[in-house]
Amino acid sequence: MDQIGAIAVDQSSKVSSVAARVRGMVHDGTLREGDPLPSTRALAAELGVARGTVVAAYEQLDGEGYLRTRHGAVARVAADLHGRTTGAPPAVGTDTAGSGSGAVGVAAAPPSAPLIDCRPGIPAVTAIRQRDWRAAWRAAASAPLRNAIADPLGSPDLRAQVVAQLGLARGFTATVDRVLVTAGTSEALSLVTEALRGLLGRAPVVAVEDPGYRTGHRAVTSAGGSLVGVPVGEDGLDLDALEAAGPVDAVLVSPTHQYPLGSVMPVARRRRLLAWAADTGSVVVEDDYDSEFRHRGAPVPALAALDVEGSVLHVGGFSKTLDPRLRCASLVLPAAAGAAAGSPLTDAVLAARRARGAVVAEPVQAALVHLLRTGALRRHLGRVRRDYTHRRARIAARLGVVAGLEARALNGGLHAVVTWSGPATGAQIARLLADAGVLVATLEEYGLAPGSTPPGIVFGYGAVTLPELDRALDALVTAVTAT
């Protein structure tokens, strides 16, 4: 690849220069899908830069979807964009989507074109280094076999790693005996609801964000709870509305990055929520689902870090950091205020956990322990955090110049909420995007009460490559501006 060697490297931005040149060669067709690139050592020697500069450029391009890099293998071009520059819109049709519908159609994706899945909740699963992933499962497979029943609370080693992670990343101290391993966030919420039902002798009343985490809502109702929807504003859960809602036994909140609207609850409002919980005896369940990905502003401590009365149960997991198919999360029980013994709720949750038994396979837990203990997960988060921040900036730049279009929830997480001023519903825009080969979710799907959300879509960007993201954004702008 002599063309790459001809790069005049800007010493002030060496990584960007190398990445920009390779990216441009993919777009102009000089490099095509499957073409090999020089080794990092060879290209670094040719350019007169450190090998780490080329490694960083290749990693950036891998995250953007232009290259595929694997340990011990030649880096190869992953995308063939010959004849199309980034940001150029696809062909647009003007036929109506249906008789009398008034909707203007986006050109349908060619039959051979793969779907671009922009539904929320899917992280960049393939971004983890293969050597780290394989090493984790080798470590799990090499663990000694035991003639024993698995600990229903979860692997002590994994619970210890969760405690260490929370102390470093979320600013609060837990103890291993207060950490439970659950089969995802939904099972954690089901467990808490079951415990409350047993304590109260009736269906617990749970206040939830509206719009909010619909899978969590189903977990609560499936375990016998009843829901009370509370509106969400720019600062998260509307506490005036919560107080006016009447007696509730628990409230489910996502204060660090409200799902799906993306609002962040300020510290003053968090303290007010905790004071309300202490006064009413209500339980606060904190869903800390994607706190690792804060793209703008200083990190906000977990709600549990402010809790001195023992009101908060903290739920975290690995679905957004690694792979939702692992079905593994953690539930941290509160320490009883002023006492060493557990509270009635803590004891009830522990009893429910023991009654259900272990739910996450020990090899899965062992693999996670390896990823945490060796720092592989931390390194992975550092890489994907940069990738997600870059994609977030791409979305903001592309949609920010379109009149009548607003993109929200971009300060953190893996999705954007897009709303518009026109008459189209979220379902109409989603259908147009599906016709163009792009899958999204509608904002209306997250509402508990009819009309609680404006028309909009929830647009996930965690698992798409940068070229796919560009095509999806082009299709979105075309669909919205055409209706």
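In the block above lies the structure referred to throughout.
As a starting point, this report considers the structure included with it. (Residues numbered from 1 in each chain as written. Predicted model: local features only at pLDDT ≥ 70, side-chain atom pairs only at ≥ 80, totals over all residues. Heavy atoms only, no water.)

Counting its secondary structure elements, the protein chain contains 15 helices and 16 strands. Scored against the burial criterion, the 483 residues of the protein chain give a buried share of 51%. Long-range contacts, defined as pairs at least 24 residues apart, comprise 72% of the intrachain contacts of the protein chain with a sequence gap of at least 6. As presented, the protein chain carries roughly 20,600 Å² of accessible surface, and 54% of it is formed by carbon and sulfur atoms. (Helix = DSSP H or I, 4+ residues; strand = E, 2+ residues; numbered from the N terminus. Buried < 20%, exposed > 50% of the residue type's maximum accessible area, 1.4 Å probe, protein only. Contact = heavy atoms within 4.5 Å. Areas by Shrake-Rupley, 256 points an atom, 1.4 Å probe, with all protein chains shown as cover.)

We now examine unusual backbone geometry. The omega torsion of the bond from Asp-210 to Pro-211 falls at 5°, within 30 degrees of zero and hence cis. Following the sequence through the fold, Pro-211 ends up in the loop between strand S5 (205-210) and helix H8 (214-222). Note that the residue after Tyr-259, namely Pro-260, is joined by a cis bond; omega there is 10°. Turning to its location among the elements, Pro-260 is positioned in the loop between strand S8 (250-253) and helix H10 (267-280).

Take the sheet that holds strand S10 (residues 312-317) next. Taking strand neighbours across the sheet as the criterion, the 8 strands line up as S4-S11-S10-S9-S8-S5-S6-S7 in an open arrangement whose pairing is mixed. Here the strands that pair on one side only, and so sit at the sheet edges, are strand S4 (179-182) and strand S7 (236-237). Against the sheet, H10 makes contact with S7, S8, strand S9 (283-287) and S10, and its axis sits at roughly 160° relative to S8, the strand it touches most. Where helix H11 (residues 344-356) meets the sheet, it contacts S4, S9, S10 and strand S11 (329-332), and its direction lies at approximately 35° from that of S4. (Pairing = 2+ DSSP bridges. Axes fitted to C-alpha atoms, helices over the stretch in contact; angles between N-to-C directions.)

Judged by how many residues are buried, S5 sits mostly within the fold: 6 of 6 residues are covered. Residue alternation in S5 divides its side chains into two sets, Val-205, Ala-207 and Glu-209 and Val-206, Val-208 and Asp-210, and both sets are buried. Sheet analysis places S5 next to strand S6 (residues 226-233), joined by 6 bridges and oriented parallel. Within the sheet, the bridge partner assigned to Val-205 lies in S6 and is Ser-226. Crossover S5 to S6 through H8 is right-handed. As defined by bridge partners, S5 adjoins S8 across 3 bridges and the pair is classed as parallel. Residue Val-206 lies in a different strand from S8, and its bridge partner there is Ala-250. (Right-handed = clockwise from strand over helix to strand, strands pointing away.)

Taken as a whole and judged by the stated rule, the model has 4 aromatic pairs. When the centroid spacing of 5.3 Å and the interplanar angle of 75° are considered together, the rings of Tyr-259 and Tyr-289 count as edge-to-face. Placement of the pair is Tyr-259 in the loop between S8 and H10 and Tyr-289 in the loop between S9 and S10, with a sequence separation of 30 residues. Each member of the pair, Tyr-259 together with Tyr-289, is buried. On the basis of an interplanar angle of 80° and a centroid distance of 5.5 Å, the ring pair of Tyr-259 and Tyr-446 is categorised as edge-to-face. (Phe/Tyr/Trp six-rings, centres within 6.5 Å; stacked < 30°, edge-to-face > 60°.)

Ranked by internal contacts, the top residues of the largest apolar core, which has 103 residues, are Leu-273, Ile-429 and Phe-459. With 9 residues, the single largest contributor to this core is helix H15 (residues 466-482). Contact partners of Leu-273, with chain neighbours within four places excluded, come to Leu-239, Leu-242, Val-251, Val-253, Met-265, Val-284 and Leu-303. Grouped together as the second largest cluster of nonpolar side chains are 25 residues, Leu-191, Leu-333, Val-349 and Ala-352 included. (Core = buried A, V, L, I, M, F, W, Y, C linked by side-chain atoms within 4.5 Å.)

Counting buried residues in strand S13 (residues 415-420) gives 6 out of 6 residues, a clear majority hidden from the surface. Residue alternation in S13 divides its side chains into two sets, His-415, Val-417 and Thr-419 and Ala-416, Val-418 and Trp-420, and both sets are buried. Examined bridge by bridge, strand S12 (residues 405-408) and S13 share 4 bridges and lie antiparallel to one another. Bridge assignment links Ala-407 to a residue of S13, and that residue is Val-418. With antiparallel pairing between neighbouring strands as the criterion, S12 and S13 make up a hairpin whose turn holds 6 residues, including Ala-409 at a positive phi of roughly 70°. Here S13 pairs with strand S16 (residues 456-460) via 5 bridges, running antiparallel.

Turning our attention to the pattern of salt bridges. Under the counting rule described, the total for this entry stands at 15 salt bridges. As a salt-bridge pair, Arg-202 and Asp-249 come within 2.9 Å of each other at their nearest N and O atoms. Pair noted here: Arg-202 is in the loop between helix H7 (184-200) and S5 and Asp-249 is in the loop between helix H9 (239-244) and S8, with a separation of 47 residues, a long-range link. We classify Arg-202 as partly exposed; its relative accessible area is 39%. Residue Asp-249 is classed as buried on the basis of its relative accessible area, which comes to 14%. One salt bridge connects Arg-398 with Asp-474, and the closest N-O pair in it is separated by 3.2 Å. One end of the pair, Arg-398, is in helix H13 (residues 376-399); the other, Asp-474, is in helix H15, and 76 residues separate them in sequence. The exposure class of Arg-398 is partly exposed, given its relative accessible area of 23%. Classification of Asp-474 by relative accessible area gives buried; the value is 0%. Through salt bridges with shared partners, a single network forms among Glu-187, Glu-194, Arg-353 and Arg-356. (Salt bridge = Lys/Arg side-chain N within 4 Å of Asp/Glu carboxyl O.)

Taken by themselves, the reported measurements are silent on function.
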